[in-house]
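Structural characterization, general
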Amino acid sequence: GSALPQLYLEAGYGDLSVKVGHFYTIIGYEVVQATGNFFYSHANTMYNSEPFTHTGILATLDHSDDVTFYGGYVQGYDSGFEDNGDAFLGGVSLGLTDRLDVTYAAIGGRLNEVGNGNPAATLNETGYMHSVVAAYDVSCDVQYIMQSDYLDTNVRESIGINNYLIKTINDCTGVGARFEWWNTTPQVGGPSYDTYNLTLGVNHRQCANLTWRPEIRYDWYDGLLDSNGSVIEDSFKFAVDAVMTF
């Protein structure tokens with residue numbers, strides 16, 4: 001098969017712009033494209049609770065230099081051009097001070113169709129999800145980011161808090177840390193589980209279009225089970241990738 005990460009038309013007039021088609025979500029701090037993330041790996045919250053893309057229409061209004069509004073209609077989570085849901089997507093981004101920016105983004109309605117391809121067992125997942133991202137410039141070379149996510153549907157529930165601390169060493173090198181707590185209830189009415197991860201990483205820009213991203217990561221869980229019913233063991237990982245832009 002084939003997959004198009006984005007395919008949309010966008011038009012703007014004055015402070016208002018509107019995109020129609022298939023586009024990346026506005027929810028969360030981490031993004032789909034590797035060039036927009038400090039770390040090689042993703043937080044559990046981003047991977048399990050947040051949408052990656054939407055298909056629909058989204059308007060963006062730059063009300064002022066410090067206030068931006070978002071609002072539109074999308075076909076749920078991660079739909080292509082099929083009817084996968086009916087939901088409102090919107091939010092607001094605020095520049096509260098010269099150092100502090102806060103963004104609230106939410107989606108609510110019919111989010112997904114759950115059924116593993118079996119029409120007879122298809123269940124419409126309906127509910128609400130939001131993220132709140134606060135980015136604070138501690139100093140000219142240190143930034144702290146806090147993200148809180150909340151998901152509540154008729155299928156599952158989750159809540160999480162991510163903390164990022166990123167320091168720029170020089171024009172070529174930066175170091176960062178991420179600590180995440182993510183609580184998940186895979187089935188409404190069932191047990192909930194706490195998961196944690198600590199990630200330490202480095203970004204090194206070898207040249208203008210090549211960046212290396214080594215990291216070490218430790219994940220630990222509170223009795224979380226995999227799809228086979230086995231307890232997921234704590235794990236230590238090392239990873240590195242190279243991102244080349246052109």
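What comes next concerns the included structure. (Residues numbered from 1 in each chain as written. Predicted model: local features only at pLDDT ≥ 70, side-chain atom pairs only at ≥ 80, totals over all residues. Heavy atoms only, no water.)

Positionally, T68 belongs in strand 4 (residues 67–74). Polar contacts involving the side chain of T68 include one to the side chain of D62, which spans 3.2 Å. The residues contacting T68, other than those within four sequence positions of it, are T60, L61, D62, H63, G91, V92 and S93. (Helix = DSSP H or I, 4+ residues; strand = E, 2+ residues; numbered from the N terminus. Polar contact = N/O pair within 3.5 Å; in protein donor to acceptor, adjacent residues only side chain to side chain. Contact = heavy atoms within 4.5 Å.)

In terms of strand pairing, strand 10 (residues 173–185) meets strand 11 (residues 193–207) through 12 bridges, oriented antiparallel. Counterpart to R178 in the pairing with strand 11 is T199. In this structure, strand 11 lies alongside strand 12 (residues 210–221), joined through 10 bridges in antiparallel fashion. Its bridge partner being in strand 12, L200 is matched across the sheet by I216. (Pairing = 2+ DSSP bridges.)

It is worth spelling out the pattern of salt bridges at this point. Considering all chains together, one arrives at eight salt bridges under this definition. The shortest N-O distance in the salt bridge between D241 and R213 comes to 2.7 Å. Of this pair, D241 sits in strand 13 (residues 235–244) while R213 sits in strand 12, and the two are 28 residues apart along the sequence. The class for D241 is buried, based on a relative accessible area of 16%. (Salt bridge = Lys/Arg side-chain N within 4 Å of Asp/Glu carboxyl O. Buried < 20%, exposed > 50% of the residue type's maximum accessible area, 1.4 Å probe, protein only.)

Any functional reading would require information beyond the geometric quantities listed.
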